[in-house]
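So the chains spell out like this:
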Amino acid sequence: MAVQAFPAIAAVIPAAGVGQRMQADKPKQYLRLHGKTVLEHSVRPLLALEAVTACYLALSEQDPYFAATGLTDPRIVRVNGGSERVHSVFNALQQIDAARYPWVLVHDAARPLVRVSDIQLLIERCLAAGHGGILATPVRDTMKRGRQQVNCTVDRTDLWHALTPQFFPTAALRQAIAGALAAGVAVTDEASAMEWAQQPVLLVEGHSDNLKITRPADLQLAAFYLEQPR
Ligand SMILES: Nc1ccn([C@@H]2O[C@H](COP(=O)(O)OP(=O)(O)OP(=O)(O)O)[C@@H](O)[C@H]2O)c(=O)n1
Ligand SMILES: C[C@](O)(CO)[C@H](O)COP(=O)(O)O
């Protein structure tokens, strides 16, 4: 069956974080994983898609590591990151011609295990629905809210972990993020800005091994997953 022809897509990779929770000697997107940087693992599945004809990498202005990666694809455009993830994404979005790239795919530099098949599923489902969406996995555990002790159990019905990539119409996303930031809304993923703008967000179940490298143990877990048949 022929793979559906997608419209031209711009990818945005927020990669300007410092990785404080990782407690490493460099930002986690530059830690090594099976011979490549986490960043290279995270970017390659997007560049594997023919429809991705531009890839905006939001990097710290002082980033001394990027030049040493194997990332020389001519589609890559370097933009300056911002103080928070949302600002890095917004800086990139402002560089994108929404007429040329009506759709944008935003993927964390710290998610090295995303599968091309999951990205294709997300794009297909969103194009069929006519609006944006996110990869996500259902919550498995009983969820508690509290600090030193439990305050309550959170009903986990229809509760999901939001993953990336997240796929939205470029102009609508840019407008939603601008509005949400101006309204002082916390925007930790693209979907939260679209929700604030009362835009529909499709939930597309992806693989639960699409983890975000966040704390030290995550790198070992990612290496384990890479050693499994995928
Ligand atoms: N100012 C920022 C902060 C984060 N990110 C990126 O957003 C992604 C997800 O953010 P997170 O996991 O929170 O990364 P860090 O902010 O680096 O981690 P920490 O909060 O532990 O410092 C990462 O790829 C990170 O590089 C970014 O581009 N710009
Ligand atoms: C965007 C994200 O990966 C969705 O789960 C997540 O919010 C990014 O991590 P952060 O720590 O919230 O920046």
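- In the nomenclature of an unreviewed UniProt entry, the protein chain is known as 2-C-methyl-D-erythritol 4-phosphate cytidylyltransferase of Alishewanella jeotgali KCTC 22429.
- Under the UniProt heading Function (unreviewed entry), the entry covering the protein chain gives this text: "Catalyzes the formation of 4-diphosphocytidyl-2-C-methyl-D-erythritol from CTP and 2-C-methyl-D-erythritol 4-phosphate (MEP)."
- UniProt's Catalytic activity (unreviewed entry) comment on the protein chain is quoted here verbatim: "2-C-methyl-D-erythritol 4-phosphate + CTP + H(+) = 4-CDP-2-C-methyl-D-erythritol + diphosphate".

**A look at the UniProt feature "site: Transition state stabilizer" (unreviewed entry) in the protein chain**
At step 1: In this structure's numbering, the residues bearing the UniProt feature "site: Transition state stabilizer" (unreviewed entry) are Arg-21 and Lys-28.
At step 2: Not counting residues within four places of it along the chain, the set of residues in contact with Arg-21 comprises Lys-212, Thr-214, Arg-215 and Pro-216.
At step 3: Along the chain, the position of Lys-28 falls in the loop between β1 (9-15) and β2 (32-33).
At step 4: When its relative accessible area of 11% is taken as the criterion, Lys-28 is described as buried.
At step 5: If sequence neighbours within four positions are ignored, Lys-28 has contacts with Gly-19, Met-22, Val-38, Ala-110, Lys-212, Ile-213 and Thr-214.

**Observations regarding the site of ligand 2**
At step 1: Taken together, Arg-21, Arg-85, Asp-108, Arg-111, Ala-162, Thr-164, Thr-188, Asp-189 and Lys-212 make up all the residues around ligand 2.
At step 2: Asp-108 is positioned such that a nitrogen or oxygen atom in its side chain is 2.5 Å from an oxygen atom of ligand 2.
At step 3: Surface burial for ligand 2 is 74%, taken as the share of its 350 Å² of free accessible area covered by protein chains.
At step 4: Classifying every residue of the shell around ligand 2 by side-chain character gives one nonpolar, two polar and six charged.

**What to know about the environment of Arg-111**
At step 1: You can see Arg-111 is positioned in the loop between β6 (103-106) and α3 (116-129).
At step 2: In this structure the C-alpha to C-alpha distance between Arg-111 and Val-77, which are 34 residues apart in sequence, comes to 19 Å.
At step 3: Discounting residues that sit within four places of it in the chain, Arg-111 has contacts with Ser-42, Ala-162, Leu-163, Thr-164, Asn-210, Leu-211 and Lys-212.
At step 4: There is a polar contact of 3.1 Å between the side chain of Arg-111 and the side chain of Asp-108.

**Considering unusual backbone geometry**
Trans peptide bonds make up the majority, and among non-glycine residues the majority have a negative phi.
At step 1: Backbone torsion omega between Thr-164 and Pro-165 reads 5°, so that peptide bond is classified as cis.
At step 2: Along the polypeptide, Pro-165 turns up in strand β10 (residues 160-169).
At step 3: Despite not being glycine, Gln-23 has its phi angle at roughly 55°, a positive value.
At step 4: Mapped onto the fold, Gln-23 is located in the loop between β1 and β2.
At step 5: A relative accessible area of 70% means that Gln-23 is categorised as exposed.
At step 6: Unusually for a residue other than glycine, His-34 sits at a positive phi of about 50°.
At step 7: Positionally, His-34 belongs in the loop between β2 and β3 (36-37).

Rules used in this analysis
- Along each chain, residue indices are assigned from 1 in the same order as the chain's sequence is written.
- Chains carry letters from A onward and ligands carry numbers from 1 onward, assigned in written order.
- The predicted nature of this model means local features are confined to residues of pLDDT at least 70 and side-chain atom pairs, given and counted, to a pLDDT of 80 or more, with totals for whole chains, interfaces and linings taken over all residues.
- The side-chain values count all of the structure's non-hydrogen atoms but skip hydrogen atoms and water molecules.
- UniProt positions are given in the numbering used here, feature names are shortened, and annotations may be inferred rather than shown by experiment.
- In this analysis, two residues are considered to be in contact whenever any of their non-hydrogen atoms come within 4.5 Å of each other.
- Strands here are runs of E lasting at least two residues and helices are runs of H or I lasting at least four, both read from the DSSP assignment and numbered beginning at the N terminus.
- Under the scheme applied here, a residue whose accessible area is under 20% of the maximum for its type counts as buried, over 50% as exposed, and between as partly exposed, the area being computed with a 1.4 Å probe on protein chains only.
- Whether a residue is near a molecule or strand depends on its heavy atoms: it is near if one of them lies within 4 Å of it.
- Within 3.5 Å is the distance limit for a polar contact, defined as a pair of N or O atoms, with the added protein rule that one can donate a hydrogen and the other accept it, and that residues adjacent in sequence qualify only through two side-chain atoms.
- Using a 1.4 Å probe, accessible areas were evaluated by the Shrake-Rupley method; residue-level cover was limited to the displayed protein chains.
- When residues are sorted by character, Ala, Val, Leu, Ile, Met, Phe, Trp, Tyr, Cys and Pro go into the nonpolar class, Asp, Glu, Lys and Arg into the charged class, and all the rest, Gly among them, into the polar class.

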